[in-house]
Amino acid sequence: MFKNAKALAALCLLPLVLMFGSLVSAETNPQTLRVSAIPDEAPTELLRKFKPLGQYLEQQLGMKVQFVPVTDYAAVVEGLAADKVDLAWLGGFTFVQARLKTGNAVPLVQRQKDRQFTSKFITADPAVKSLQDLKGKSFVFGSISSTSGSLMPRYFMDKEGIKPEGFFSRVAYSGAHDATAAWVQAGKADAGVLNASVWDKLVASGKVDSNKVRVLATTPPYYDYNWTVRGDLDPALAAKIKTAFLALDPANPEHKTILDLQAADRFIETSPENYQSIEDAARSVGLLK
């Protein structure tokens with residue numbers, strides 16, 4: 001009787017074991033690669049930049065690739081942690097947050113310029129000649145979780161004795177780099193800060209009038225953006241994704257279109273150690289406890 005009961009229990013458990021095993025397999029080896037990105041620019045711009053890259057990844061990986069838009073930076077981190085996103089374009093700070101939350105998020109590649117990234121302080125006030133001239137004026141950051149639009153500018157200002165909440169008359173967060181430039185140009189803030197790459201693109205496209213808005217200062221360089229996968233993704237698939245990015249060649253016209261949209265010359269390998277200084281900066285200004 002006892003032996004029969006054990007056998008019956010085993011038979012009852014078998015479907016659950018098989019179901020659990022299939023779920024683990026599906027999470028580790030997804031049928032569709034779900035890709036997201038921090039919303040550091042307008043949603044339409046993010047989709048425009050991703051479309052040819054998504055098509056390229058589908059060809060290289062032999063699987064469907066789906067872009068998963070999110071409303072804020074935290075949602076990308078949560079998506080990786082909850083296995084709802086497989087690959088994400090993160091800033092240095094959001095990578096640190098994802099790594100701390102998941103314990104195993106893996107940064108695969110970064111653009112060459114992400115080793116020496118900078119932020120631009122901008123203003124439309126002709127009387128402002130230095131950061132110190134902004135005392136008592138209004139200031140706008142991007143997202144509070146942005147590396148180049150919040151954390152690192154705050155860190156470098158702190159080194160110069162500028163505590164934003166006490167130095168400026170008002171501190172606001174626009175949510176995205178292009179929005180920050182628009183706020184300053186429209187006079188909604190006396191000054192602001194955004195990443196150098198977006199600033200250059202906005203000026204080149206005429207979306208910012210450089211006769212009205214100008215660069216006031218540039219931060220020292222720091223590590224920033226990367227493409228990260230969730231830690232429990234099949235290592236073989238993660239390796240194929242990395243290989244696909246590293247294979248993008250600016251001499252190939254189709255590849256150059258993709259690289260240009262990503263504001264990249266090439267992608268290079270990266271590692272978690274490159275972002276230790278970002279974590280240290282976040283702790284020093286109280287954005288990480």
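Everything below is about the structure printed above this text.
Keep in mind that this is a model prediction, so the values were computed, not measured.

Q: Now, about the overall build of the protein chain: what can you tell me, with residues and values included?
A: Scanning the protein chain from N- to C-terminus turns up 11 helices and 11 strands. If one aligns the C-alpha atoms of the protein chain with their principal axes, the spans along those axes are about 90 × 45 × 30 Å. When each of the 289 residues of the protein chain is scored for burial, the buried share is 47%. A sequence separation of at least 24 residues applies to 78% of the contacts in the protein chain between residues at least 6 apart. Carbon together with sulfur atoms contributes 56% to the accessible area of the protein chain, which is approximately 13700 Å² in total. Averaging the coordinates of the 33 positive side-chain charges in the protein chain and doing the same for the 30 negative ones gives two points 2 Å apart.

Q: Provide a residue-level description of the layout of surface pockets, including the pertinent values.
A: The volume enclosed by the largest pocket comes to roughly 180 Å³. Forming the walls of the largest pocket are 16 residues, and the residues nearest its centre are E41, K49, R111, S197 and A263. Broken down by secondary-structure element, the contributors of at least two residues to the lining of the largest pocket are α2 (43–61), α8 (196–205) and α10 (253–261).

Q: Describe the packing of aromatic side chains, with residues and values.
A: This model, assessed by the stated rule, comprises 16 aromatic pairs. Here the aromatic rings of W89 and W227 are separated by 5.3 Å at their centres, their planes lie at 45°, and the arrangement is tilted. A residue pair is termed long-range when its members are at least 10 positions apart, and W89 in strand β3 (residues 87–90) and W227 in strand β10 (residues 226–229) qualify at 138 residues. No difference in accessibility class separates W89 from W227, as the two residues are buried. Clustering of aromatic rings is evident, with ring pairs tying together W89, F117, Y155, F156, Y222, Y225, W227, F245 and F267.

Q: Lay out the sheet that holds strand β11 (residues 267–269) with the relevant residues and their values.
A: Pairing in this open sheet of six strands is mixed, and the strands run β2-β1-β3-β10-β4-β11 from one edge to the other. Where the open sheet ends on each side, the last strands, each with one partner, are β2 (64–67) and β11. Between one strand and the next, the sheet's axes are offset by a mean angle of 25°, whatever the strand orientation. Contacts from α2 reach β1 (32–37), β2, β3 and β10, with the element oriented near 160° to β2.

Q: Tell me what's going on with helix α3 (residues 73–81), and back it up with residues and numbers.
A: Taken residue by residue, α3 has Y73, V76, V77, G79 and L80 as its buried positions. Mapping the buried residues of α3 onto a view down its axis gives an arc of 160°, with all of them on the same face. Looking at the buried residues of α3, the elements they touch are β1, β3, α4 (92–102), α7 (177–186) and β10. The opening residue of α3 is D72, an N-cap whose side-chain oxygen sits 3.3 Å from the backbone nitrogen of A74. Residue D83 follows α3 closely and has a positive phi angle near 60°.

Q: Give a detailed account of the packing of helix α5 (residues 147–159) against helix α11 (residues 276–284), specifying residues and quantitative values.
A: Packing of α5 against α11 brings their axes to within 9 Å, and their N-to-C directions diverge by 65°. In terms of axis orientation, α5 runs roughly perpendicular to α11. The two elements α5 and α11 cross, and the hand of that crossing is left-handed. Between α5 and α11, the residues in contact are T147, L151, M152 and Y155 and I278, A281, A282 and S284, respectively. Residues of the contact of α5 with α11, tallied by class, amount to six nonpolar, two polar and no charged.

Q: Break down the pattern of salt bridges for me, citing the residues and quoting the values.
A: Tallying each qualifying case throughout the model produces 17 salt bridges. Put simply, E41 and K49 hold a salt bridge, and the shortest N to O gap is 2.7 Å. Comparing E41 with K49, the two get one shared label, buried. Taken together, the shared-partner salt bridges connect R34, D83, D86, R230 and D232 into one network.

Q: Go over unusual backbone geometry, please, and point to the residues and values.
A: With a phi angle near 60°, D83 is a residue other than glycine that sits in the positive phi range. Within the secondary structure layout, D83 lies in the loop between α3 and β3. Phi angles above zero are rare outside glycine, and A263 is one such case at about 55°. Topologically, A263 is positioned in the loop between α10 and β11. Take A263: its relative accessible area is 28%, and that puts it in the partly exposed class.

Rules of the game
Residues numbered from 1 in each chain as written. Predicted model: local features only at pLDDT ≥ 70, side-chain atom pairs only at ≥ 80, totals over all residues. Heavy atoms only, no water. Helix = DSSP H or I, 4+ residues; strand = E, 2+ residues; numbered from the N terminus. Buried < 20%, exposed > 50% of the residue type's maximum accessible area, 1.4 Å probe, protein only. Contact = heavy atoms within 4.5 Å. Areas by Shrake-Rupley, 256 points an atom, 1.4 Å probe, with all protein chains shown as cover. Lys, Arg positive; Asp, Glu negative; His and termini not counted. Charge placed at Lys NZ, Arg CZ, Asp CG, Glu CD. 1 Å grid on protein atoms, 1.4 Å probe; cavity = no way out; pocket = protein on both sides within 12 Å on 5 of 7 lines; lining within 4 Å. Points joined across faces, edges and corners; volume = space filled by probe spheres on them. Phe/Tyr/Trp six-rings, centres within 6.5 Å; stacked < 30°, edge-to-face > 60°. Pairing = 2+ DSSP bridges. Axes fitted to C-alpha atoms, helices over the stretch in contact; angles between N-to-C directions. Arc of directions from axis to C-beta. Polar contact = N/O pair within 3.5 Å; in protein donor to acceptor, adjacent residues only side chain to side chain. Parallel < 35°, antiparallel > 145°, perpendicular 65-115°, else oblique. Left-handed = near helix turned anticlockwise from the far one by under 90°. Nonpolar A, V, L, I, M, F, W, Y, C, P; charged D, E, K, R; others polar. Salt bridge = Lys/Arg side-chain N within 4 Å of Asp/Glu carboxyl O.

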